[in-house]
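A closer look at the structure
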Amino acid sequence: MNPYAVFHSIESAYSFPLSGKRFVLRVRVDKQDEIESCHVLYNAKHLFYLKRKEKEMTRKYEDDLYAYYEIILPLETPSLAYIFRFASEGKDFFFSTDGLTENYQFAISYYNYFQCAFVNDIDIQKEVSWAKDAIIYEIFVDRFHRGKGEGDKDFVNLRWGAIPNPKSFAGGSLIGLREKLDYLKDLGVNALYLTPIFRSISNHKYDIKDYYEVDPGFGSNVAFEELVKEAHERGMRIILDAVFNHVSEESAIFQDVVRNGRNSPYFDWFIIYDEDISKGKYEKFATCDYMPKWNTSNPAVQSYLCDIGKHYVKECGIDGWRLDVSDEISHDFWKRFRREIKAVNPDAMLIGENWQDATPYLRGDEFDGVMNYSFARYVNDYLAFRQLDSLAFKEKLEALRLRYRGPVTHMNWNLLDSHDTYRFFTQLRKNKERALIGAAIQMFYEGIPCVYYGDELPLEGGYDPDCRRCMDFSLARKSNPFFAKYRDLIRLRAKSGVLKYGELSLRTQDGMLVMERAYRGRVFALFVNLSEADKPLPLGKVVLSNLVEGETLKHEGFAIVANKRKTKE
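Residues numbered from 1 in each chain as written. Predicted model: local features only at pLDDT ≥ 70, side-chain atom pairs only at ≥ 80, totals over all residues. Heavy atoms only, no water.

Moving on, we come to the state of the cysteines. Per the counting criterion, the structure on display carries 0 disulfides. Distance from the sulfur of Cys288, which forms no disulfide, to the nearest cysteine sulfur (Cys467) is 16 Å. In this structure Cys288 comes out as buried when scored by relative accessible area, which is 17%. Its sulfur unpaired, Cys470 is 13 Å from the next cysteine sulfur, which belongs to Cys467. For Cys470, a relative accessible area of 5% translates into the label buried. (Disulfide = S-S within 2.5 Å. Buried < 20%, exposed > 50% of the residue type's maximum accessible area, 1.4 Å probe, protein only.)

A word on the packing of aromatic side chains. In this structure the tally under the stated criterion is 50 aromatic pairs. On the numbers, 6.3 Å between centres and 85° between planes, the contact of Phe144 with Tyr453 is edge-to-face. Within this pair, whereas Phe144 is found in the loop between strand S11 (136-139) and helix H1 (174-179), its partner Tyr453 is found in the loop between strand S22 (448-452) and helix H12 (481-495), the two being separated by 309 residues in sequence. Residues Phe144 and Tyr453 agree in their burial class; the two are buried. Between Phe224 and Tyr312, the ring centres sit 6.4 Å apart and the planes meet at 70°, which makes this aromatic pair edge-to-face. (Phe/Tyr/Trp six-rings, centres within 6.5 Å; stacked < 30°, edge-to-face > 60°. Helix = DSSP H or I, 4+ residues; strand = E, 2+ residues; numbered from the N terminus.)

Residues Tyr137, Leu184, Leu192, Leu194, Phe224, Trp321 and Ile441 are the most contacted members of the largest nonpolar core, which totals 135 residues. Other than its neighbours up to four places away in sequence, Leu194 contacts Ile139, Val141, Leu174, Leu177, Leu227, Ile238, Ile239, Leu240 and Asp241. Core analysis: the next-biggest nonpolar cluster, separate from the first, contains 26 residues, Phe23, Met57, Phe84 and Ile124 among them. (Core = buried A, V, L, I, M, F, W, Y, C linked by side-chain atoms within 4.5 Å. Contact = heavy atoms within 4.5 Å.)

Time to look at the pattern of salt bridges. Taken as a whole, this structure holds 50 salt bridges when the rule is applied. Two residues, Glu233 and Lys229, come together in a salt bridge whose shortest N-O distance is 2.8 Å. In this pair, Glu233 and Lys229 both sit in helix H3 (residues 221-233), 4 residues apart, roughly one turn of the helix. The shortest N-O distance in the salt bridge between Asp274 and Lys279 comes to 3.3 Å. Accessibility expressed as a relative area gives 19% for Asp274, which makes it buried. It is possible to trace a salt-bridge network through shared partners that takes in Arg26, Lys60, Glu70 and Glu503. (Salt bridge = Lys/Arg side-chain N within 4 Å of Asp/Glu carboxyl O.)

So, on to the sheet that holds strand S26 (residues 535-536). Pairing is antiparallel across the open sheet formed by 3 strands, whose spatial order is S26-S29-S28. Sheet topology places S26 and strand S28 (548-549) at the edges, where each strand pairs with a single neighbour. Bridge count between S26 and strand S29 (residues 552-553): 2 bridges; the pairing is antiparallel. What sits directly across from Lys535, in S29, is Leu553. (Pairing = 2+ DSSP bridges.)

Next comes the structure, spelled out in structure tokens:
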């Protein structure tokens, strides 16, 4: 065996409790090694050196370099010590904190076994109860829908549907959004993520002047409360955008610093290098002087921002926060924010905007999950940029689902695009068949699908601000075959226990990508054919497809096939 490839670590994606009675273990090996079996030897930590139980692990995942064995151990006590034993090429190999060895001294195992000394309930990373049922729909409020009867708005400078620029205002509002709740419910989504809605001079509202006031261009605090009420009546949840990294230079707090410099009680609320603010020597978002950065290491700032977060959860009944540029904010703040929000509503969802590996934030004491931009990248590499074949794409998805602990993977938002990226449809050069394949993959993958408004039509658009075009509801009709198929995909995910709760497995078959989910004896399999040749349609009932002719799956076709099979629950 290749000793350099074998890897395991405690309290990580390789070792985590699901409850006080169930514990997940994973171990990594070189996928080229000829391994006959992998067993875990385990017991309570104080008994391990005397006696051990043994269970065989399943070789469950493979990426480009490694294979991964996994098991869910039943625990009789909330204490665990363990090592691994491999059978390979006629030998036994033991793997402990000392690495890979051909012998193991159980009598002094307390020096080098892996362990979870005690499973404390508060340390178990729990899933938000509604996460697996959720389908998120992101809305850029200014571009979604103008409300009827709202009258003229003197700030509107963009004809609805025209190409926007950074200073464009189209007049979308919360009243307009409320008018489209039935459309969204019919579409099949059940959770709405709104980009910022608070008072700001910009169209995007990421430079907030007052966190406690809904921007007048969007409506009022009363209009927002009505939106939450009517959404909840339809079984839909509302998630707001928490812009806690920075604030508008027009905020009363920052303006006090501008006027009074070091004499301001808020001077230390920001990270300032020269009290002459006009010199711009202070931390800010990116290079934007008009968005000074909060000092989230300051307890007073933490209290101020936590109070905002709690207010909208407690007083307005929102169901969670998406956390803007969350990786630029102190861990100390997010730990406190989580404690205080979860004390108000343990089921409020907290999702970070981290574009890269977010492991340090996902240990159960900060975020529930993240916007899964890695997923978006891999789907684009597969379908738009054509840099990955089906096998390489499968391996990327496999590695991605192993990046985090299971509960985190189930709560990540799997997006294809957003208000910060090119539109997926544009990246695909307007290839509708590939856009539908992307949506099918999104609905099948582990985690929460996150649809960007208009992807179902489809809308096109380049980089910001072009990706923030106005919604075109004239395309949302049954006679638009793309919309009808996209809606069918969302509805299938919404109604199918198999796709929401089923165990996922990935493979390739005859050059096709295959994503399979199994639950309670039922199996849905997604077949994607990007090869140049037509492929025989697999056996089973075709639930949904695009390019199918007779018993053939055409190039750039997908088919979702249902079967029955006995599966372990």
